Every structure is written in C-alpha cells, then in structure tokens.
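# Coordinate inspection notes
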Amino acid sequence: MIIYAAYRRWALDALPDIKNCGRHHKAEKIVVVRSPTELNDFLNEGYNKRKVSYILFIGWSWIVDPRIIEKIPCYAFHPSNLPEYRGGSPIQNQIMSGVTDTYGTLFRMTDQIDAGGIIYREKLSLRGDMDEIFVSLQYCALNLITWFNSWGGQQFDLYKKWPEGEPQDDEKSTWFPRRQPEDSEILMQEMSNESDEYLYNKIRMLGSPYPNAYITCKNGKKLYLTASRREKKNE
C-alpha cells in the first residue's frame, strides 16, 4: 500500500497517470489523503494491519509529524533544486529572484525540513502564469515518481529497504520563509522603483489559489491584480 498525500489540484490531476506507472504502483493500492487530519486518522485506524510501503507527499504544505517519518519511509516533492530554496513558497521565492528554469526534487524526508537525501531531480519551468506552472509541476512530479517506482522498487528488491538518497550539501543550502498574504501587496515604492519585469513576476506568481497581488486604494479597499502582460519593445 502506498499513501499519496496531496491536496493541490495539480498534484491530484497527476494521480491517474501515477497509478499506471511503475510496477510497484500497479501492484499496490494507492490511498489518497488530502490533509494532516486525514493522514493521521488513516494511520491511527488499524495501521498495524496495513502494510504501507511508503508515503509520497506531493503538493503538501504542512509539517509532517516526525513519528510518521520515523516509522514509514516518506518522500516529498519540492519545486526547487535542493538544497537551494528550502522552506516555504519556493515557487514565488525563486521567481522573485529571477529564476525561470529550475528543477523539481524528490527527496527522502527527515525531521529537518527539506533536508533529506536526494532521490532524483527533474527539470521544471517557472515561466508563464500559475496555470502554466501548475501543468509543469504536474508533469515534473509525474516523471519523478515514475522514475522512483522503477529504480526505487529495484533497490527495495535488492536491499529490502527503500532508498535513503544522496545527502544534501548543507553548505550550499538556502532558506526562505513562507510568504504571507500581506506580502502580496504592491507598494508605491515598488511601482516607482522596480522594473516592469519585477512587477510582472510578482503578479503572475500570485495567481489563484495563492493570495493574489493587490494594491491598496486611497479609500483603504484592495484592488486585486490577477493577470499581467508586459509591453513588447515594438508596441
């Protein structure tokens, strides 16, 4: 049995193809959980009678109980080239740093956030609006999991344990906090001092379901900006 922990739409959209990839997924039942409560309830109800091979956390935003990680092999998808951009809001933090092409990373989870052994990396585009990025995330995660089901299954057959991955180089790590809704505000100084590319990126990276970019009007009301287009040089 495999637990697929996901709640983002793009992660759930990848599931039908994931169910058809790799011999281990074809041979084992996949149980989907969409929240920490669902995960805890499932594991607490007769867990000892179930044989959970591993848990995949794809498009997951919550810290996982260390006791779960200790008992069951857990693997997570992180949309950055780990150990770079550990922490929250990796998509937005990379875009704000000017990154347009990166990697999605599948790694073995530990009690340290985003710090476990690297299983595999796959190219990931951060170009376009969030709908386009979500499609890129979906196929990046699908390719990583397809690869893991083949290689990881072979490793399990040989060594009777699921792979730990290659240790990350902590000296090369960078950490960013999760963005807050108030970080979506476009301030007057940004309008005056930042480039069109900066503002374009800030608006496009905050497409729904993220807290949309907004400006605060003089009456205190917020005007939300859900799409952006930059002027071409010949316009």
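Everything below is about the structure printed above this text.
We now turn to the structure provided with this report. (Residues numbered from 1 in each chain as written. Predicted model: local features only at pLDDT ≥ 70, side-chain atom pairs only at ≥ 80, totals over all residues. Heavy atoms only, no water.)

### Some words on the overall build of the protein chain
Defined as follows: Helical segments are the DSSP runs of H or I of at least four residues, strand segments are the runs of E of at least two, and each set is numbered from the N terminus. Buried residues are those whose accessible area, probed at 1.4 Å on protein chains only, stays under 20% of the maximum for their type, while exposed residues exceed 50% and partly exposed ones sit between those limits. Two residues qualify as a contact provided that any one of their heavy atoms is within 4.5 Å of a heavy atom in the partner residue.
Across its full length, the protein chain carries nine helices and 10 strands. Overall size of the protein chain, expressed as C-alpha extent along the three principal axes, is 60 × 35 × 35 Å. Looking at the protein chain as a whole, 46% of its 235 residues qualify as buried. In the protein chain, of all internal contacts separated by at least 6 residues, the share reaching a separation of at least 24 is 66%.

### Structural notes on a nonpolar patch on the surface
The following threshold applies: Only residues whose relative accessible area exceeds 30% and that form no salt bridge are eligible for patches; like-charged ones are grouped when within 9 Å, while nonpolar side chains (Val, Leu, Ile, Met, Phe, Trp, Tyr) are grouped when within 5 Å. Computed with the Shrake-Rupley method and a 1.4 Å probe, the accessible areas treat only the protein chains shown as cover for residues. A side-chain nitrogen of Lys or Arg and a carboxyl oxygen of Asp or Glu constitute a salt bridge if their distance falls within 4 Å.
On the surface, a nonpolar cluster with roughly 370 Å² of combined accessible area is contributed by I63, I113 and W175. What makes I113 partly exposed here is its relative accessible area of 41%.

### With respect to the sheet that holds strand 2 (residues 30–33)
Rules: Two strands form a pair only when DSSP identifies at least two bridges running between them. Angular values range over 0 to 180 degrees, each being the angle between N-to-C directions of two axes fitted as lines to C-alpha atoms, with helices fitted over their stretch in contact.
Taken together, six strands build an open sheet; the order of strands is 2-1-3-4-6-7 and the sheet is mixed. Each end of this open sheet is capped by a strand with a single partner; those strands are strand 2 and strand 7 (118–125). Between one strand axis and the next, the sheet turns through 20° on average, direction left out of account. In the sheet, strand 1 (residues 2–5) pairs with strand 2 via four bridges, with the strands oriented parallel. By the bridge assignment for strand 2, I3 is matched with V31. Across the sheet, helix 4 (residues 36–44) lies against strand 1, strand 2 and strand 3 (54–57), angled at about 135° from strand 2, the strand it touches most. Contacting strand 1, strand 3, strand 4 (74–78), strand 6 (101–108) and strand 7, helix 7 (residues 130–159) crosses the sheet at an angle of about 155° to strand 7.

### With respect to the layout of surface pockets
Just so we agree on the cut-off: Here the term cavity refers to a set of points on a 1 Å grid, laid over the protein atoms alone, in which a 1.4 Å probe fits but cannot get out; the term pocket refers to an open set having protein on both sides within 12 Å along at least five of seven lines, with lining residues being those that place an atom within 4 Å of a point. Grid points are joined across faces, edges and corners, and a volume is the space filled by probe spheres set on the points. Residues were grouped as follows: Ala, Val, Leu, Ile, Met, Phe, Trp, Tyr, Cys and Pro as nonpolar; Asp, Glu, Lys and Arg as charged; and all remaining residues, including Gly, as polar.
Space inside the largest pocket adds up to approximately 880 Å³. Lining the largest pocket are 38 residues, and of these W60, S61, G87, G88 and R178 sit closest to its centre. Every element with two or more residues in the lining of the largest pocket is listed here: helix 5 (66–71), strand 4 and helix 6 (90–96). Grouping the constituent residues of the lining of the largest pocket by class yields 22 nonpolar, 11 polar and five charged.

### Some points on helix 7
Along an α-helix, residues three or four positions apart point the same way, because every turn accommodates 3.6 residues. Basically, it comes down to this: Take the residue count of a helix, subtract one, and multiply by 1.5 Å to get its expected span. The quantity called bend is, for any residue, the angle between two axes fitted respectively to the seven residues ending at it and the seven beginning at it. For the purposes of these results, a polar contact is taken to be a pair of N or O atoms within 3.5 Å, where, inside protein, one atom must be able to donate a hydrogen and its partner to accept one; residues adjacent in sequence count only when each atom of the pair is a side-chain atom.
Along its 30 residues, helix 7 runs 41 Å from first to last C-alpha, staying within 8% of the 44 Å computed at 1.5 Å per residue. Of all the bends in helix 7, the greatest measures close to 25° and is centred on N149. One side-chain oxygen of the residue at the start of helix 7 lies 3.2 Å from the amide nitrogen of D131, identifying that residue as D129. Once helix 7 finishes, K160 follows within two positions and takes phi at roughly 60°, a positive value.

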